Amino acid sequence: MLARKSIIPEEFGLPGLASRMPRKPVFRDRVNKARFIAKNGACNLAHKNIREQGRFLQDVFTTLVDLKWRFTLVIFTTTFVSSWLLFAMSWWLVAFSHGDLDADLNKTRCVTEVKSFTSAFLFSIEVQVTIGFGGRMITEQCPIAITVLITQNIVGLIINAVMLGCIFMKTAQSNRRAETLIFSRHAVIAVRNNHLCFMIRIGDLRKSMIIGATVRLQVVRKTTTPEGEVIPIQQIDVQTESAVASNSLFLLAPLIICHTIDRSSPLYDLSAMELQCSDLEVIVILEGVVETTGITTQARTSYVSEEIQWGHRFVPIVTEEDGVYSVDYSKFGNTVKVTTPLCSARELDEKPSILIQTLQKSELSHQNSLRKRNSMRRNNSMRQNAGSSANLRRNNSAKVQFFTPGDGGQTLNNVT
């Protein structure tokens, strides 16, 4: 049995009309991907299948400095104890070859009071750490003992120099100074000087300054070339206003680093909706020389699309109080909403009227809010005046006057 044809043609039915209606672009939710740089500046990168492990042993000092403290302490302890045991065996062999281990020895020993391996181990510790309790000492009977003494002193000085250098470098690493270099939790995009700008805030908690501070911005994202090559991590340098004006920053107070989104910017084609669905990551690198130590330090952080607020601006945190500039770090990352077009910077350049209309709407809304605020204040003041006059009339009407006859005449009484 054939199906009956509808009286309404198919092109005018609901499916046909729905297929011809213009649809808004639908963006899929961004898949959660691992960020390249963590918020604390650590690199989220794992090295696997390194076959040439011997290259790390060719630079032992840097390897020791890069190790964690627990491994470094274990290596230090093992090195010292091993050197003491090694030279204790040498002193015991010297005593054994000279015959100093006999109990009834009447001749002069190479090392006095060295009669066993335990006493040789104690003498090795005394020689290497230059304690010298005085109970054991070397004599001139054995030239080989003098050679062992010189060798142990040289080896002990080398071990002490390496170990102390590693400890100093681990305690004075540049990343320790970077702990007091802070970045705003979020980045913002707003209109500044009639252009869309990407902005972050940086600050230094210490009074000792960072000399020659520079800030570099990079956009990291996955791209595909026209030839079909997939680049998983493409780093694109982003120009900032501070880099254009000068080569360094005067980081005396918290600064707002601004990047103008122009034709050379990787954010030029991104609108507010497309930004939330993109998988880009903006890396911020702050470098400089520590004023107190002269060591170059580097602080890093990154911002993914969820951490970039479109249409926000940082609140001012520097005020003048009693002739001194004060910085309120409790508002360091606070932002306020401002009127910002949701289109991309390319669309703003092609249609400047969008920005003008947006600014006019914001001005009208601002004026309306001011009118509403003034009217509310006026109404509140009128209500207060009306309430005060009503209370005054009520208090005056509460006083009643009447006469009561008395013995000698009439008395006027007031009752409230």
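All residue numbers refer to position in the chain's written sequence, counted from 1. The predicted origin of the model limits local features to residues at a pLDDT of at least 70 and limits the giving and counting of side-chain atom pairs to 80 or more, whereas totals for whole chains, interfaces and linings rest on all residues. Excluding hydrogens and water, the side-chain values take into account all heavy atoms of the structure.

What follows concerns the nonpolar core. In this structure, Phe198, Ile202 and Ile308 are the most contacted members of the largest nonpolar core, which totals 38 residues. Secondary structure elements follow DSSP: runs of H or I of four or more residues count as helices, runs of E of two or more count as strands, with numbering from the N terminus. The leading source of residues in this core is strand E4 (residues 210–224), at five residues. Discounting chain neighbours no more than four positions away, the residues touching Ile202 are Ile182, Phe183, Val215, Leu249, Leu251, Pro254, Leu255, Ile257, Leu286 and Phe332. Ala95, Cys142, Ala145 and Val148 belong to the second-largest nonpolar core, a separate cluster that totals 13 residues. What makes a nonpolar core is a set of buried Ala, Val, Leu, Ile, Met, Phe, Trp, Tyr and Cys residues whose side-chain atoms join them at distances within 4.5 Å. Here's how the labels work: a residue is buried when its accessible area is under 20% of the maximum for its type, exposed when over 50%, partly exposed in between, all with a 1.4 Å probe on protein chains only. By the convention used here, residues are in contact when the closest approach between their heavy atoms is within 4.5 Å.

DSSP-based pairing: two strands are paired if at least 2 bridges between them are found. Taken in spatial order, the four strands of this open sheet run E5-E4-E7-E8, and their pairing is antiparallel. Edge positions in the sheet fall to strand E5 (230–238) and strand E8 (296–304), since each has one partner strand and no second. Taken pair by pair, the neighbouring strands of this sheet meet at an average axis angle of 25 degrees, ignoring direction. Relative to E5, E4 is paired through seven bridges, and the arrangement is antiparallel. What sits directly across from Thr223, in E5, is Ile231. Interaxial angle, 0 to 180 degrees, is taken between N-to-C directions of lines fitted to C-alpha atoms, where a helix line uses only the stretch in contact.

The next thing to look at is the pattern of salt bridges. Pairing between side chains of opposite charge can happen when the charged atoms of each approach one another. The rule for a salt bridge is simple: a side-chain nitrogen of Lys or Arg has to be within 4 Å of a carboxyl oxygen of Asp or Glu. Enumeration according to the criterion identifies five salt bridges in this entry. For the salt bridge of Glu307 with Lys39, the shortest nitrogen-to-oxygen distance reads 3.5 Å. Residue Glu307 is found in the loop between E8 and strand E9 (308–310), and its partner Lys39 is found in the loop between helix H1 (14–20) and helix H2 (54–57); the two are separated by 268 residues along the sequence. According to the relative accessible area criterion, Glu307 is buried, its value standing at 11%.

Before going further, it helps to spend a moment on the packing of helix H5 (residues 117–128) against helix H6 (residues 143–171). Relative to each other, H5 and H6 sit at 60 degrees, their axes nearing to 9 Å. By the criterion of interaxial angle, the relationship of H5 to H6 is oblique. H6 is crossed by H5, and the crossing has right-handed handedness. Residues Ser124, Val127 and Gln128 of H5 touch H6, and the partners they reach there are Leu149, Gln152, Asn153, Gly156 and Ile159. Only Asp, Glu, Lys and Arg are considered charged, only Ala, Val, Leu, Ile, Met, Phe, Trp, Tyr, Cys and Pro nonpolar, and every remaining residue, Gly among them, polar. Partitioning the contact of H5 with H6 into residue classes produces three nonpolar, five polar and no charged. By definition in this entry, angles of less than 35 degrees are roughly parallel, angles greater than 145 are roughly antiparallel, angles of 65 to 115 are roughly perpendicular, and the rest are oblique. Crossing handedness is defined as follows: a turn of the near helix away from the far one that is anticlockwise and smaller than a right angle gives a left-handed crossing, while the clockwise case is right-handed.

The predicted model of the protein averages 79 in pLDDT, with 79% of residues at 70 or higher. On a range of 0 to 100, pLDDT expresses the predictor's confidence in each residue. Looking across the protein, the model is least confident in strand E14 (residues 400–405), with a mean pLDDT of 44, and most confident in strand E10 (residues 312–314), with 93. The model gives residues 1–12 a pLDDT under 50, and that stretch makes six contacts with residues more than four places away or in other chains.

Two joining distances apply to patches: 9 Å for like charges and 5 Å for nonpolar side chains (Val, Leu, Ile, Met, Phe, Trp, Tyr), and every residue must have over 30% relative accessible area and no salt bridge. Here the accessible surface of atoms and residues is derived via Shrake-Rupley with a 1.4 Å probe, and residues count as covered only by protein chains that are part of the display. Here Asp and Glu are counted as negative and Lys and Arg as positive; His is not counted, and neither are the chain ends. Where a charge lies is defined by one atom per residue type: Lys uses NZ, Arg uses CZ, Asp uses CG and Glu uses CD. Where like charges cluster on the molecular surface, the negative patch consists of Asp262, Glu347, Asp349 and Glu350. Secondary-structure assignment places Asp262 in the loop between strand E6 (255–260) and helix H9 (272–277). A relative accessible area of 32% places Asp262 in the partly exposed class.

This next bit is on the pairing of strand E7 (residues 281–290). A regular strand places its side chains so that they alternate between the two faces of the sheet. The buried fraction of E7 is high, at eight of 10 residues. Sheet topology note: the E4/E7 ladder contains nine bridges and is antiparallel. For Thr214, the partnering residue across the bridge sits in E7 and is Glu287. Note: E7 against E8, nine bridges, orientation antiparallel. Residue Ile283 lies in a different strand from E8, and its bridge partner there is Ser302. Counted between consecutive antiparallel strands, the loop separating E7 from E8 contains five residues, among which Gly294 sits at a positive phi close to 75 degrees.

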